[in-house]
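Coordinate analysis (summary)
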Amino acid sequence: MSTLVVCLDRSGRITEAAGVAPPVVGWEAVRSLVIDVGLADPEDSRVNCLLETLRVARELRDGDERVTVAVVSGETDSVGAGRSIAAQIEALRSDHDVDSAVIVTDSADDERFVPVIESRLSVDSVDRVVVRQARDIESTYYLLKQFLGDEELRQTTLVPLGLALLVFPVLLTFMGPVIAVASITAVFGLFLIYKGLGIDAYLSRIAAGVRDALYSGQVSVVTYAVGAGLALIGVFVGLLGVSGHDGGGVFVPAMRFTFDSVPWLAMAALAASAGRLLDEAMRDEPLASSSLNLPFGVIALGLVVRGFSAYFLQRSDALAPTAVPPIDVGVVSVEGFALSPLQRLAAFVVAGVVVSLVGVRVATRFGGATPEATPTD
């Protein structure tokens, strides 16, 4: 038994340069092949591969081990190269009684055919030879090759870069260099934030959820759309209130926007929660306490927020006091009066607390009980 030290040449350029038929076997034959290949192309990295093959063989031979040196070559196409290399390995194994191999290659592309040899011989080691001056260049080449082979990376990197290179000359021509550079930089910044925060994955999940909800006939899809529309109305009404307000800095307009938009935003949240509650009711399952309590919580929060915003607006004379009309019910007679800012705030806060307590009571009474299992001895 002996070890086969084999130089793997996928493309067949070594044997073509020397004008010999593969496989090339023997120390003298491989050493002669080094001279022929080196004279044909001194810059060919396969010369180093052949020299490394001889070096490894000499090192094993000096350790009192029987060594067979050989060069196997393939063809240009991968299928033909694999079959040719397999046939040459079979011949070497039967003719020289080898039971293990050390493979020497000079590129990652050649290493793709290592399994062909492993299926016929026990491979002890794979020695890859890279010329020192070309190590970084070759590594960069294979990284770029791997990058260009990944479809997802191409779409997320090359497509935006290509669009930027197409748009940049147009902006440069019609808007000047400053606007062109600023626009491209802003677009790239937004793209990086979009990918970095995973907004694309989040939007994909939302789209998948909406699609599944539509197919399953959930009412919440419609109520969510109604809620979104009510929320837009709330923002619009709030902006209208701010547009007609002069002075007061930033705080008073913000309170005005909150005061005007809170009722609509609360109705939007109520619409969304009502749809969720209806979906749970149609499943013929006990209603969750959180779903029952959510509408009351929304109303309570809306009352408290509106009360605080009204307090600040009334103190800044941006909102008229609330007038309570006279009440005359039998023997009970109450004269009309106006609520002060503090009284108005207290009324909203008390109303919010009462609504919240009612929600807790309703959720406790009608909500489905989900007791936790307790371990028993």
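Residues numbered from 1 in each chain as written. Predicted model: local features only at pLDDT ≥ 70, side-chain atom pairs only at ≥ 80, totals over all residues. Heavy atoms only, no water.

Under an unreviewed UniProt entry, the name given to the protein is DUF373 family protein, and the organism recorded is Halalkalicoccus tibetensis.

Within the protein, the regular secondary structure consists of 13 helices and nine strands. By sequence separation, contacts in the protein at least 24 residues apart represent 65% of the contacts at least 6 residues apart. (Helix = DSSP H or I, 4+ residues; strand = E, 2+ residues; numbered from the N terminus. Contact = heavy atoms within 4.5 Å.)

Moving on, we get to helix H2 (residues 27-40). Because an α-helix packs 3.6 residues into every turn, residues spaced three or four apart end up facing the same way. In this model H2 runs 20 Å from its N-terminal to its C-terminal C-alpha over 14 residues, within 8% of the 20 Å that 1.5 Å per residue would give. Buried residues along H2 sit against helix H1 (13-18), strand S2 (24-25), helix H3 (46-62) and strand S3 (67-73). (Expected span 1.5 Å × (residues − 1).)

A few words on a nonpolar patch on the surface. A cluster of nonpolar residues, Ile193, Tyr194, Leu197, Ile199, Tyr202, Leu203 and Ile206, forms a patch on the protein surface that exposes about 650 Å² of accessible area. Mapped by element, the contributors of at least two residues to the nonpolar patch are helix H8 (177-196) and helix H9 (199-216). Along the polypeptide, Leu197 turns up in the loop between H8 and H9. (Patch = residues over 30% accessible without salt bridge, like charges linked within 9 Å, V, L, I, M, F, W, Y side chains within 5 Å. Areas by Shrake-Rupley, 256 points an atom, 1.4 Å probe, with all protein chains shown as cover. Salt bridge = Lys/Arg side-chain N within 4 Å of Asp/Glu carboxyl O.)

Okay, the confidence of the model for the protein next. Mean pLDDT over the protein stands at 80; residues scoring 70 or higher make up 82%. Confidence, read as mean pLDDT per element, is least for helix H6 (residues 135-149) in the protein (62) and greatest for S3 (89). Counting contacts from residues 369-377, a segment whose pLDDT is below 50, to residues more than four positions away or on other chains yields zero contacts. (pLDDT = per-residue confidence, 0-100.)

What follows concerns the UniProt feature "transmembrane region" (unreviewed entry) in the protein. Taken from the UniProt record, the annotation "transmembrane region" (unreviewed entry) applies to residues 161-194, 221-242, 262-279, 291-313 and 345-363. End C-alpha atoms of residues 262-279 are separated by 26 Å, and the span's content is 100% helix alongside 0% strand. (UniProt positions renumbered as here; feature names shortened; annotations may be inferred.)

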